[in-house]
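Structural description and commentary
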Amino acid sequence: QLRQLFGSAVPAFPPKFYLAMTKSMADERRSQLEQYLQNVTLDPNITSSDVFIAFFRKLQQDTFKIQTQRACLDVHLPDGSSNIRLDIQTSDTAERLLEVTSCKMGLPRELMKYFSLFFFQDRDDGALSVVKKVADFELPYVSLQSMKELHCKLGIRKWYMDPSLDTLLMDCRASLNLLYMQAVHEVKRNWIKPTEGQRQELEFLQKSANKAKFLELIREMQFYGYVRLDPCICDYPEEGCSVDVYVGNNEINCCIILPTKQTKEVSFKINRLRSWQVAFLSAAKDDEDDTLELRFEYNDSGTWQWIILYTKQ
């Protein structure tokens, strides 16, 4: 199936090759295919092709044994509480659901590219956890069924990390409302770090419903427009450090707690990063979830080194 979809780039081996494979060879083969599929999905010409979408639609439905039928699905707005209910087919892609959601909100087609669907969790401690961005070819209904134990919700959020792009969306009421709802929600969930004076000014603008001024002010604040990861583990500057990670505005900002309990803030600039890899690590016996290993190669004072983050997201 892979060769039919992607051509000769996927090597073919005679059946006896697979019979002769050791476990380590099979693991290596599986890892290589995983890396290959990750690279393939970076090419928009492939992921938007009818062949690719049909292949992954069938794969998702067959894996979780979900037939095509009518259903209802809620898409939550960025304020975390209100939602839009959609009448869908279980085989509808995220791209299709984003189009329907945008139409219901009055968001023009030319502005759709600035937004995306995400799976997220509202945690008991009040934190907001963005689990993942939904790929355009993904079937959100099927994915939600497969993640029932995570209690995920489907929501729409802006999909860019350069705060200056906000100015392109301010003249449209629908996009302005989306930006405003997300900003208010992220201040509430402590993603954004205003000073006490800035917080008071934001509260005044919020009470007066001055959304444009609110967004103009908040663009000056630390971590506005960033995606925050749940607390995770890194190997920098030494193994086993816990870290709060904010990604946006062309940097990966890390607030690292050292073994001495001291904190160290480090900014990894994207233009000094030349490659990255993602791998799944099997769950430990005392941990019910798999962990993702994100490693990126970074130029630190003229020396290239690998930085590793371990996260559930």
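Provided above is the structure to which this section pertains.
What this report covers is the structure whose coordinates are included nearby. What you see is a predicted model, and the numbers here were worked out from it, not measured in a lab. (Residues numbered from 1 in each chain as written. Predicted model: local features only at pLDDT ≥ 70, side-chain atom pairs only at ≥ 80, totals over all residues. Heavy atoms only, no water.)

1. Focus: the overall build of the protein chain
When its secondary structure is counted, the protein chain shows 10 helices and 13 strands. Along the first, second and third principal axes, the C-alpha atoms of the protein chain reach 70 × 55 × 35 Å. For the protein chain, the proportion of its 313 residues judged to be buried stands at 42%. Here the protein chain has roughly 17900 Å² of accessible surface; of this, 51% comes from carbon and sulfur atoms. In the protein chain, the 39 positive side-chain charges and the 43 negative ones have mean positions that sit 3 Å from each other. (Helix = DSSP H or I, 4+ residues; strand = E, 2+ residues; numbered from the N terminus. Buried < 20%, exposed > 50% of the residue type's maximum accessible area, 1.4 Å probe, protein only. Areas by Shrake-Rupley, 256 points an atom, 1.4 Å probe, with all protein chains shown as cover. Lys, Arg positive; Asp, Glu negative; His and termini not counted. Charge placed at Lys NZ, Arg CZ, Asp CG, Glu CD.)

2. What to know about the layout of surface pockets
Its boundaries defined by the atoms lining it, the second largest pocket holds a volume of some 320 Å³. Counting residues per element, the ones that place at least two in the lining of the second largest pocket are helix H3 (23–40), strand E11 (273–281) and strand E12 (291–300). In terms of residue class, the lining of the second largest pocket is built from 4 nonpolar, 4 polar and 6 charged. Residue contributions to the lining of the second largest pocket reach at least three from each of two domains, namely domain 1 (1–48) and domain 4 (227–311). (1 Å grid on protein atoms, 1.4 Å probe; cavity = no way out; pocket = protein on both sides within 12 Å on 5 of 7 lines; lining within 4 Å. Points joined across faces, edges and corners; volume = space filled by probe spheres on them. Nonpolar A, V, L, I, M, F, W, Y, C, P; charged D, E, K, R; others polar. Domains from an automatic or database assignment.)

3. Some words on the packing of aromatic side chains
Per the stated rule, a full pass over the model turns up 13 aromatic pairs. On the numbers, 3.8 Å between centres and 5° between planes, the contact of Phe 223 with Tyr 246 is stacked. Remark: Tyr 246 occurs in strand E8 (residues 241–248) and Phe 223 occurs in the loop between helix H10 (211–218) and strand E6 (227–228); sequence separation between them is 23 residues. With respect to burial, Phe 223 and Tyr 246 carry one shared label: buried. Ring centres of Phe 296 and Tyr 298 lie 6.4 Å apart, and the angle between their planes is 85°; this geometry places the pair in the edge-to-face category. (Phe/Tyr/Trp six-rings, centres within 6.5 Å; stacked < 30°, edge-to-face > 60°.)

4. Some remarks on H10
For H10, the complete set of buried residues consists of Phe 214, Leu 215, Leu 217 and Ile 218. Viewed along the axis of H10, the buried residues span an arc of 160°, placing them on a single side of the element. On its buried face, H10 sits against helix H8 (173–188) and helix H9 (196–207). (Arc of directions from axis to C-beta. Contact = heavy atoms within 4.5 Å.)

5. Things to note about the nonpolar core
Counting residues in each nonpolar core, the largest one holds 54 residues, and the members touching the most others are Leu 117, Leu 215 and Ile 218. No other element matches the 8 residues that H8 contributes to this core. Taken domain by domain, the makeup of this core includes at least three residues from each of domain 2 (70–158) and domain 3 (163–219). Excluding anything up to four places from it in sequence, Ile 218 contacts Ala 183, Val 187, Ile 192, Leu 202 and Tyr 224. Formed by 17 residues, the second largest nonpolar core is a distinct cluster that contains Cys 232, Val 245, Ile 252 and Leu 258. (Core = buried A, V, L, I, M, F, W, Y, C linked by side-chain atoms within 4.5 Å.)

6. Details of the pattern of salt bridges
A full pass over the atoms with the stated rule returns 13 salt bridges. With a shortest N-O distance of 3.8 Å, Glu 99 and Arg 96 are connected by a salt bridge. Highlighted residues: Glu 99 and Arg 96, both in helix H6 (residues 94–105), separated by 3 residues, approximately one helical turn. Note on Glu 99: relative accessible area 23%, which makes it partly exposed. Residue Glu 251 pairs with Lys 269 through a salt bridge whose shortest N-O separation is 3.7 Å. (Salt bridge = Lys/Arg side-chain N within 4 Å of Asp/Glu carboxyl O.)

7. Re the side chain of Asp 92
Along the chain, Asp 92 turns up in the loop between strand E2 (83–89) and H6. Salt bridges are absent for the buried Asp 92, whose nearest opposite-charge side chain, Arg 96, sits at 5.0 Å. Among the polar contacts made by the side chain of Asp 92, one reaches the main-chain amide nitrogen of Gln 89 at a distance of 2.9 Å. If we skip the residues at most four places from it in the chain, Asp 92 touches Leu 97, Glu 138, Leu 139 and Pro 140. (Polar contact = N/O pair within 3.5 Å; in protein donor to acceptor, adjacent residues only side chain to side chain.)

8. Focus: helix H5 (residues 50–64)
The first and last C-alpha atoms of H5 sit 21 Å apart over 15 residues, in line with the 21 Å expected at 1.5 Å per residue. What H5 keeps buried is the set Phe 52, Ile 53, Phe 55, Phe 56, Gln 60 and Gln 61. Remark: Lys 65 follows H5 within two positions and exhibits a positive phi of approximately 55°. (Expected span 1.5 Å × (residues − 1).)

9. Side note on empty space enclosed by the protein
Evaluated as defined, the whole model comprises 2 cavities of 30 Å³ or more. In this structure, the largest cavity encloses a volume near 100 Å³. Surrounding the largest cavity, 13 residues form its lining, Arg 157, Lys 158, Gln 182, Tyr 226 and Val 227 being those nearest its centre. Put simply, the parts of the chain that give the lining of the largest cavity at least two residues each are strand E5 (153–158) and H8. Classifying every residue of the lining of the largest cavity gives 8 nonpolar, 2 polar and 3 charged. Each of two domains, domain 2 (70–158) and domain 3 (163–219), supplies a minimum of three residues to the lining of the largest cavity.

10. Description of the packing of H9 against H10
Look at H9 against H10: their axes get within 9 Å of each other, and the N-to-C directions meet at 165°. Compared by their axis directions, H9 and H10 come out roughly antiparallel. Taken as a pair, H9 and H10 cross one another with a handedness that is left-handed. In this structure, H9 contributes Gln 198, Glu 201, Leu 202, Leu 205 and Gln 206 to the contact, and H10 contributes Lys 213, Phe 214, Leu 217 and Ile 218. (Axes fitted to C-alpha atoms, helices over the stretch in contact; angles between N-to-C directions. Parallel < 35°, antiparallel > 145°, perpendicular 65-115°, else oblique. Left-handed = near helix turned anticlockwise from the far one by under 90°.)

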